[in-house]
Amino acid sequence: MYDPTQLRTFLAVAQTLSFTHAARRLGLRQSTVSQHVRRLEDATGRALFSRDTHTVELTEDGEAMLGFARTILQAHERAAAYFTGTRLRGRLRFGASEDFVLTRLPEILEAFRRDHPEVDLELTVELSGTLHKRLEAGRLDLVLAKRGPGASQGELVWRDRMVWIAARGVRPDPERPLPLILFPPPAVTRARALDVLEREGRAWRIVCTSGSLSGLVAAARAGLGVMAHTRGLIPPGLAAVPDRAGLPDLGTVDFVLLQGRRRPAAQEAASALGDALLAAGDRLHGPAPR
């Protein structure tokens, strides 16, 4: 009933909330992306997106279609792999940023290992900046991480807003330096937070630094201060600081996939895991259920 090509296009638009970015990811014309979405909406008899000249948002039916689309595409890909007899092998060094520690990434990797048992998957969890350096040095084959300011490399998985978060009820005193909870350099969120505060002339002080997201979350839950974080990945027990607190806008952040080119033997496995992450990109939003 539903064309897999149209479902892939739908997922790309749903994850990037942009017909332009979806077209770039899929290597299609924007008009083709619009046509695929329109035909899928015709097939379902429902509007899957609400859109105007500036924004694209999933409708309630679009949210429901996310799960169906993933299930259909996974079944399609498993059937194709079974009947073509292709089996991936080799060592794949995958790096994921700290942002994904509390998400459903482990479920996605578990499914990949189940589908490709002969791939020796090695996982590295680090700051985005560190992962970029390791990829450039040839020490990783595939990276899922934030893209730095002004950078254009990588395949966009999704774009989200950054917000200030803290324990519920914490309200920064505008008359005192803003207490900051930060990753160490070269963290993208650290650089963004300090940059916007400097531009706004807002005084600040660092109350906690940790290379572990769990460490930062513990400090924030204790009420020590605020941290810059992705809106779609706010950890349990923390909440966005209200706009009335007057903190400067942090802008948006891009999460991208980057594939290394120094180990041809790993490229096939890296492409397969990259496809799995792109197909399941919306599942990386928000914390994993307990």
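Source: prediction; values computed, not measured.

1. Examining the overall build of the chain
Along its length, the chain carries nine helices and 11 strands. A globule of 290 residues ought to have a C-alpha radius of gyration of about 19 Å, and the chain, at 20 Å, matches this closely. Dimensions of the chain along its principal axes, counting C-alpha atoms only, are 65 × 45 × 35 Å. Counting over 290 residues, the chain shows a buried share of 48%. Within the chain, contacts between residues separated by at least 24 positions form 76% of all contacts whose residues are at least 6 apart in sequence. Total accessible area on the chain is roughly 14600 Å²; 48% of this is exposed by carbon and sulfur atoms. Counting 40 positive and 33 negative side-chain charges, the chain places the averaged centre of each group 3 Å from the other.

2. Structural notes on the pattern of salt bridges
Under the definition given, this model contains 13 salt bridges. One salt bridge connects Arg91 with Glu122, and the closest N-O pair in it is separated by 2.8 Å. A residue pair is termed long-range when its members are at least 10 positions apart, and Arg91 in strand S3 (residues 90–97) and Glu122 in strand S4 (residues 119–126) qualify at 31 residues. We note a salt bridge from Asp160 to Arg231, for which the minimum N-O separation is 3.7 Å. Of the two residues, Asp160 is situated in strand S6 (residues 155–167) and Arg231 in the loop between strand S9 (227–230) and strand S10 (238–240); the sequence distance between them amounts to 71 residues. The class of Asp160 is buried, set by a relative accessible area of 8%. With relative accessibility at 48%, the residue Arg231 sits in the partly exposed group. Connected through salt bridges with shared partners, the residues Arg147, Arg159 and Asp254 form a single ionic network.

3. Some words on the environment of Thr55
With respect to the helices and strands, the residue Thr55 is situated in the loop between strand S1 (49–51) and strand S2 (56–58). Linking Thr55 and Phe19, residues 36 residues apart in sequence, is a C-alpha distance of 10.0 Å.

4. With respect to the packing of aromatic side chains
Per the counting criterion, the structure on display carries five aromatic pairs. On the numbers, 6.1 Å between centres and 65° between planes, the contact of Phe19 with Phe49 is edge-to-face. Highlighted residues: Phe19 in helix H2 (residues 19–26) and Phe49 in strand S1, separated in sequence by 30 residues. We classify Phe49 as buried; its relative accessible area is 4%. For the ring pair Trp158 and Phe255, a centre distance of 4.6 Å and an interplane angle of 20° mean the geometry is stacked. With Trp158 in strand S6 and Phe255 in strand S11 (residues 252–259), this residue pair connects regions lying 97 residues apart in the sequence. Grouping residues by exposure puts Trp158 and Phe255 together as buried. One aromatic cluster is present, formed by Phe10, Phe19 and Phe49 through successive ring pairs.

5. Details of unusual backbone geometry
The linkage connecting Pro185 with the following residue, Pro186, adopts the cis geometry, with an omega of 5°. On the secondary structure map, Pro186 appears in the loop between strand S7 (178–182) and helix H7 (188–200).

6. Some points on H7
For an α-helix the count is 3.6 residues per turn, leaving residues at separations of three or four pointing the same way. Spanning 13 residues, H7 covers 19 Å between terminal C-alpha atoms, matching the ideal 18 Å at 1.5 Å per step. Those residues of H7 that sit buried are Val188, Thr189, Arg190, Arg192, Ala193, Leu194, Val196 and Leu197. Positive backbone phi, at 70°, marks Gly201, one or two positions downstream of H7.

7. Quick look at the nonpolar core
Counting residues in hydrophobic clusters, the biggest one holds 58 residues, and the most contacted among them are Phe94, Trp164, Leu273 and Leu277. No other element matches the eight residues that S6 contributes to this core. Ignoring sequence-local partners within four residues, the contact set of Leu273 consists of Leu92, Phe94, Leu109, Phe112, Leu121 and Leu142. Residues Leu7, Ala12, Val13 and Leu73 belong to the second largest nonpolar core, which totals 20 residues.

Reading the values: rules and limits
Residues numbered from 1 in each chain as written. Predicted model: local features only at pLDDT ≥ 70, side-chain atom pairs only at ≥ 80, totals over all residues. Heavy atoms only, no water. Helix = DSSP H or I, 4+ residues; strand = E, 2+ residues; numbered from the N terminus. Rg over C-alpha atoms; globule rule 2.2 N^0.38 Å. Buried < 20%, exposed > 50% of the residue type's maximum accessible area, 1.4 Å probe, protein only. Contact = heavy atoms within 4.5 Å. Areas by Shrake-Rupley, 256 points an atom, 1.4 Å probe, with all protein chains shown as cover. Lys, Arg positive; Asp, Glu negative; His and termini not counted. Charge placed at Lys NZ, Arg CZ, Asp CG, Glu CD. Salt bridge = Lys/Arg side-chain N within 4 Å of Asp/Glu carboxyl O. Phe/Tyr/Trp six-rings, centres within 6.5 Å; stacked < 30°, edge-to-face > 60°. Expected span 1.5 Å × (residues − 1). Core = buried A, V, L, I, M, F, W, Y, C linked by side-chain atoms within 4.5 Å.

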